[in-house]
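# Structural features, examined
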Amino acid sequence: MKKRLHVHKHTLILIAGIVWAIAGFNIVRIGLFAYQGNFVWWRALLSAAVYTVFQVFIFGKMVKKHTERILQYEDERQNVFRFFDTKSYLIMAFMMTLGIGLRVSGIVPNGFIAYFYTGLGASLLTAGVLFIVNYLRVVSQKRE
């Protein structure tokens, strides 16, 4: 009997990619809207720095870690929500709460939102693309 909401474990890598790409796109969009009327060249450099820090130290490592974890599952079919572990869901919830709270509260200026969200969102979007690339690699290796 097939379990509901279960997919092949390789599909979890694709799901992670889609989730991260959508999140990244939305965060980049918020950042770009905040740039309207706030664009200066040094903020663009700050966006690039934020992107680099998040990609090198956080999301690049996360993609590798979660891809390896997913591939190590013994059962071929897994619950669709197992593309993350509990710690990652908690981190995501914290980041979302903090981000929404900062924007709504007005504590940080729009210029900060512009460069930080653009860099962060681009890094999240890159992580999504890397997950999708990993999925395509795994699927193509499986076919060989």
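Please refer to the structure placed before this passage.
Overview of the structure. (Residues numbered from 1 in each chain as written. Predicted model: local features only at pLDDT ≥ 70, side-chain atom pairs only at ≥ 80, totals over all residues. Heavy atoms only, no water.)

Looking at where glutamine 78 falls in the secondary structure, it is placed in strand 2 (residues 77–79). With a relative accessible area of 6%, glutamine 78 lands in the buried category. Only 2.5 Å separates the side chain of glutamine 78 from the side chain of arginine 82, close enough to count as a polar contact. Each residue touching glutamine 78, except ones within four places of it in the same chain, is listed here: Leu5, His6, Val7, Lys9, Leu12 and Tyr73. (Helix = DSSP H or I, 4+ residues; strand = E, 2+ residues; numbered from the N terminus. Buried < 20%, exposed > 50% of the residue type's maximum accessible area, 1.4 Å probe, protein only. Polar contact = N/O pair within 3.5 Å; in protein donor to acceptor, adjacent residues only side chain to side chain. Contact = heavy atoms within 4.5 Å.)

Nonpolar side chains collect at one region of the surface, where Trp41, Trp42, Leu45 and Leu46 lie side by side and expose about 450 Å² of accessible area between them. Here leucine 45 shows up in helix 2 (residues 41–71). Residue leucine 45 is classed as exposed on the basis of its relative accessible area, which comes to 51%. (Patch = residues over 30% accessible without salt bridge, like charges linked within 9 Å, V, L, I, M, F, W, Y side chains within 5 Å. Areas by Shrake-Rupley, 256 points an atom, 1.4 Å probe, with all protein chains shown as cover. Salt bridge = Lys/Arg side-chain N within 4 Å of Asp/Glu carboxyl O.)

A word on the packing of aromatic side chains. Applying the stated rule across the entire model yields 9 aromatic pairs. Centre to centre, the rings of tryptophan 20 and phenylalanine 84 are 5.4 Å apart; their planes meet at 65°, and the pair counts as edge-to-face. Here phenylalanine 84 lies in the loop between strand 2 and helix 3 (86–105) and tryptophan 20 lies in helix 1 (residues 9–35), a separation of 64 residues in the sequence. Looking at tryptophan 20, the relative accessible area reads 8%, which means it is buried. Consider the rings of phenylalanine 54 and phenylalanine 59, whose centres lie 5.7 Å apart with planes at 20°: the pair is stacked. Here phenylalanine 54 matches phenylalanine 59 in class, with each residue buried. Members of the aromatic cluster, connected to one another through ring pairs, are Trp20, Phe54, Phe59, Phe83, Phe84, Tyr89, Phe112, Tyr115 and Phe116. (Phe/Tyr/Trp six-rings, centres within 6.5 Å; stacked < 30°, edge-to-face > 60°.)

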